[in-house]
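Each chain is listed here by its residues.
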Amino acid sequence: MNKLDSELSIGSLVKEGYTFIEDEKDADVILLNTCSVRHKAEHKVYSQLGSLRDQKEKNPGLILGVLGCMAQNEGEKIFKRMPHVNLICGTRMFSKLPELLEKINGTNKRILAIDEDGEVNFDRVVTQRDDRHKAFVSVMRGCDNYCSYCIVPYVRGHEFSRPVEDIINEVKDLADDGCKEVMLLGQNVNSYGKGLGENTTLATLLRRLNPIGGIERIRFVTSHPKDMTRDILEAVGELPKVCENLHMPAQSGSDKILGKMRRQYTSEYYRGLVEMARSLVPNITIASDFIVGFPGETEDDFEDTVSLVRDVRCQNCFVFKYSPRTGTAAMELKDDVPEKTKKKRNQILLDLQSEISAELNKEMIGKSVEVLVEGTSKTDESRLTGRTRQNQIVVFSGPSSLLGKLTNVDIVDSTDLTLFGVTSEF
Ligand code: 5AD
Ligand code: SF4
């Protein structure tokens, strides 16, 4: 979502004649788009702003702005800690960026723009995106779930689904611009359609998008287990363009902790969903998120999480150490798991997951997979890289003419993170 917001912001500025420059040192405007989901993300931005102080002193005309979640969350506090910042632009004010910069230009004014009633503007310049062959498409914004640890509902506001026709038009425009894969984004994508009438759901949206010519792959993130439905899984199974991959965060395997997190499901329910997903979509892969060291998490609770990770055998897991966020319900609970224990539990889960991922990837050796070729490999420029429909990363030998195309790759080797292969087009 942050990447898309950056693209939206850039799009609105490029339309007004702004251009990118090679070296940040020569910039007239520097904007940092930010995340506040964990303390560490905010801390990084403060240190980056600190290191921009010199540049601002040398060039007082430089406009320095903070955008997004941290701007919304910290507000005026950013000006207090970093007085050389000119603009604080919240999550619902991106479309006002050109106007705001115009007001500051030549004055060195400071503007705080974090209006909560601001409109989320979904309009975008579709040609403005990092990747030619892939694009993010926002289908809903905000979140009404209020998981007790999470700051998102406070910084991104209430859930709001975008009308189906708008999404279809954007996806058609993207297809006309050479895009092959769309990733539908929503903090809580499974509840897409709330407020748009009974017959509008994520499943019906997927069915409407599937026929659009030029688009080869459709993905969606992030799925909340409590809102996952058989309808959605059936759509994934039936629709040829919808990829067989879910990002469905479990967060914990302990029912006690899930309760305290206000997740509204049990670990048994999560296991049941994974089973249903695998029976309706046999080759589906699943990714999950886990938080370790949530207040009150005992060794037994953590063992329940280890069992869940061991049993569901996800393709990959993202593991985070609990980070208390001001204003969230979990702030009422004592952050009582020591940092050392959080670190240890984090490492145990990562090691276990890496073992599972390595085993699953090994099973792919000898198989042929469809890859959307995205670029050259970071570690070896003579090789290409892309993803399978199941979201596995593949590095392989093949001609650069395959860039942006779908190709079949025979898998010959693997690690926990990557599949290696050769394309028959070689
Ligand atoms: N501390 C640690 N991790 C968090 N996440 C969200 N809030 C917090 C927090 N306060 C994690 C969740 C979520 C992912 C995007 O970030 O696992 O799924
Ligand atoms: Fe945060 Fe996701 Fe829970 Fe919403 S559903 S509150 S975004 S963790």
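Up top is the structure these notes are about.
Here is a short report on the structure shown in this document. Along each chain, numbering runs from 1 in the same order as the chain's sequence is written. As a convention, the first chain written is A and the first ligand written is 1, with the rest following in written order. With the structure being a predicted model, the display of local features is reserved for residues of pLDDT at least 70 and the display and counting of side-chain atom pairs for 80 or more, all residues being used for whole-chain, interface and lining totals. The basis for every side-chain value is the complete set of heavy atoms in the structure, and neither hydrogens nor water enter the calculation.

This next bit is on empty space enclosed by the protein. Residues are said to line a cavity or pocket when one of their atoms sits within 4 Å of a point; the points come from a 1 Å grid over protein atoms alone, cavities being sets where a 1.4 Å probe fits but cannot get out and pockets being open sets with protein on both sides within 12 Å along at least five of seven lines. Grid points are joined across faces, edges and corners, and a volume is the space filled by probe spheres set on the points. Here the structure, examined in full by the defined rule, presents one cavity of 30 Å³ or more. Space inside the largest cavity adds up to approximately 30 Å³. If you go around the largest cavity, the residues you meet are Leu4, Leu8, Phe122, Arg124, Ser138, Arg141, Arg162 and Glu170. Residues that form the lining of the largest cavity fall into these classes: three nonpolar, one polar and four charged. Think of it as three bins: nonpolar holds Ala, Val, Leu, Ile, Met, Phe, Trp, Tyr, Cys and Pro, charged holds Asp, Glu, Lys and Arg, and polar takes everything else, Gly as well.

This next bit is on the site of ligand 1. Any residue with at least one heavy atom within 4 Å of a molecule or strand is counted as near it. Surrounding ligand 1, one finds Val37, Arg38, Tyr149, Gln251, Asp289, Ile291, Phe320, Lys321, Tyr322, Ser323 and Arg325. The term polar contact refers here to a pair of N or O atoms within 3.5 Å; inside protein, the definition further demands a hydrogen-donor-capable atom paired with an acceptor-capable atom, and it admits residues adjacent in sequence only when both atoms are side-chain atoms. Between ligand 1 and the protein, one listed contact pairs an oxygen atom with a side-chain N or O atom of Gln251 at 2.7 Å. Between ligand 1 and Asp289 there is a distance of 2.6 Å, counted from an oxygen atom to a side-chain nitrogen or oxygen. Each accessible area is a Shrake-Rupley result for a 1.4 Å probe, and residues are judged covered by the shown protein chains and nothing else. Compared with its free state, where it exposes 410 Å², ligand 1 has 86% of that area covered by protein. For helices the rule is a DSSP run of H or I covering at least 4 residues; for strands it is a run of E covering at least 2, with both sets numbered from the N terminus onward. Of all the elements in the fold, those that place two or more residues in the shell around ligand 1 are strand 11 (285-292) and strand 12 (316-321).

Let us look at the site of ligand 2. Around ligand 2, the neighbouring residues are Cys143, Asn145, Tyr146, Cys147, Tyr149, Cys150, Val152, Pro153, His224 and Arg263. Here the residues of the shell around ligand 2 sort into seven nonpolar, two polar and one charged.

In this structure, the second largest pocket spans a volume of roughly 710 Å³. Counting only elements with at least two residues in the lining of the second largest pocket, the list comes to helix 1 (2-15), strand 1 (29-34) and helix 2 (39-51). Its residues assigned to classes, the lining of the second largest pocket comprises 13 nonpolar, five polar and four charged.

The next thing to look at is the sheet that holds strand 12. Here three strands make up an open sheet; going across it, the order is 10-11-12 and the pairing parallel. Two strands bound the open sheet, and with one partner strand each, they are strand 10 (245-247) and strand 12. Each adjacent strand pair in this sheet contributes to an overall mean axis angle of 15°, direction not counted. In this scheme, strands are said to pair when DSSP sees at least two bridges between them. In this sheet, strand 11 lies alongside strand 10 in parallel orientation, the contact comprising three bridges. In the sheet register, Leu246 faces strand 11, and the bridge partner there is Ile286. Contacts are residue-level and defined by heavy atoms, with any inter-residue pair within 4.5 Å sufficient. Every axis in this analysis is a line fitted to C-alpha atoms, fitted for helices over the stretch in contact. Angles between the N-to-C directions lie between 0 and 180 degrees. The strands that helix 14 (residues 339-362) touches are strand 11 and strand 12; relative to strand 12, the one it contacts most, it runs at about 175°.

The grouping of Asp255, Glu268, Glu275, Asp300, Glu303 and Asp304 at the surface amounts to a negative patch. Listed by contribution, the elements that provide at least two residues to the negative patch are helix 12 (267-280) and helix 13 (299-312). The element contributing the most residues to the negative patch is helix 13, with three residues. Turning to its location among the elements, Glu268 is positioned in helix 12. Patch definition: residues with relative accessible area over 30% and no salt bridge; like charges joined within 9 Å; nonpolar side chains (Val, Leu, Ile, Met, Phe, Trp, Tyr) joined within 5 Å. We define a salt bridge as a side-chain nitrogen of Lys or Arg found within 4 Å of a carboxyl oxygen belonging to Asp or Glu. Charge counting treats Lys and Arg as positive and Asp and Glu as negative, with His and both chain ends excluded. The location of each charge is read from NZ of Lys, CZ of Arg, CG of Asp or CD of Glu.

All right, on to the packing of helix 8 (residues 164-176) against helix 9 (residues 202-209) then. Look at helix 8 against helix 9: their axes get within 10 Å of each other, and the N-to-C directions meet at 35°. Crossing geometry of helix 8 relative to helix 9 is assigned as right-handed. Residue-level contacts link Val164, Glu165, Ile167, Ile168 and Val171 of helix 8 to Leu205, Arg208 and Leu209 of helix 9. Of the residues assigned to the contact of helix 8 with helix 9, the class counts are six nonpolar, no polar and two charged. Crossings are sorted by hand: turned counterclockwise from the far helix by less than a right angle, the near helix makes the crossing left-handed, and turned clockwise it makes it right-handed.

Across soluble globular proteins, nonpolar side chains show a tendency to be buried alongside one another. Nonpolar cores were defined as sets of buried Ala, Val, Leu, Ile, Met, Phe, Trp, Tyr and Cys residues, with membership established by side-chain atoms within 4.5 Å. Only protein chains enter the accessibility calculation, which uses a 1.4 Å probe; a residue whose area is less than 20% of its type maximum is buried, one above 50% is exposed, and one in between is partly exposed. The biggest cluster of nonpolar side chains holds 56 residues, and the ones touching the most others in it are Leu184 and Phe220. Broken down by element, the residue count for this core peaks at six residues, all from helix 8. Excluding anything up to four places from it in sequence, Phe220 contacts Met183, Leu184, Val189, Leu202, Leu206, Ile232, Val236, Val242 and Leu246. The next biggest cluster of nonpolar side chains, apart from the first, holds 17 residues, and it includes Val45, Leu49, Leu52 and Ile88.

All right, on to the side chain of Arg162 then. By secondary structure assignment, the location of Arg162 is in the loop between strand 7 (160-161) and helix 8. A residue is classified by how much of its surface remains accessible, and Arg162, at 5% relative accessible area, is buried. Polar side-chain contacts of Arg162 include one of 2.6 Å to the side chain of Glu170. If sequence neighbours within four positions are ignored, Arg162 has contacts with Phe122, Val137, Ser138, Val139, Ile167, Glu170, Tyr192 and Leu196.

Quick look at helix 10 (residues 230-238) now. Structural remark: α-helix, 3.6 residues per turn; residues separated by three or four positions point the same way. Among the residues making up helix 10, those that are buried are Ile232, Leu233, Ala235 and Val236. Around the axis of helix 10, the buried residues are gathered within 155° of arc, so they sit on the same side. Where helix 10 is buried, its residues contact helix 9, strand 9 (217-221), strand 10 and helix 12. The directions considered for the arc are those from the helix axis to the C-beta atoms.

Now for the packing of helix 12 against helix 13. Direction vectors running N to C along helix 12 and helix 13 enclose 10°, while the axes themselves pass 11 Å from each other. Here helix 12 is positioned roughly parallel relative to helix 13, judged by the angle of their axes. Taken together, the residues of helix 13 that come into contact with helix 12 (itself represented by Ser267, Tyr270, Arg271, Val274 and Arg278) are Ser307, Leu308, Asp311 and Val312. Here the residues of the contact of helix 12 with helix 13 are counted per class, giving four nonpolar, two polar and three charged. Oblique is the label for every angle not falling under 35 degrees (roughly parallel), over 145 degrees (roughly antiparallel), or within 65 to 115 degrees (roughly perpendicular).

Aromatic contacts are taken between Phe, Tyr and Trp rings whose centres are within 6.5 Å, Trp giving its six-membered ring; a plane angle under 30 degrees counts as stacked, one over 60 as edge-to-face, and the others as tilted. Going through the model one piece at a time under the given rule, you end up with three aromatic pairs. Centre to centre, the rings of Tyr149 and Phe294 are 6.5 Å apart; their planes meet at 85°, and the pair counts as edge-to-face. With a gap of 145 residues between them, Tyr149 in the loop between strand 6 (140-141) and helix 7 (152-156) and Phe294 in the loop between strand 11 and helix 13 connect regions that are remote in the sequence. Like Phe294, Tyr149 is buried. Aromatic pair Phe294 and Tyr322: ring centres 5.2 Å apart, planes at 65°, arrangement edge-to-face. A residue pair is termed long-range when its members are at least 10 positions apart, and Phe294 in the loop between strand 11 and helix 13 and Tyr322 in the loop between strand 12 and helix 14 qualify at 28 residues. Through a chain of ring-to-ring contacts, the aromatic side chains of Tyr149, Phe294 and Tyr322 assemble into a single cluster. Consider the ring centre and the ring normal. A charge sits over the ring if Lys NZ or Arg CZ is within 6 Å of that centre and within 35 degrees of that normal. Against the face of Tyr46 rests Arg81, its NZ or CZ located 3.6 Å from the ring centre. The ring centre of Phe79 lies 5.0 Å from the NZ or CZ of Arg110, which sits over that ring.

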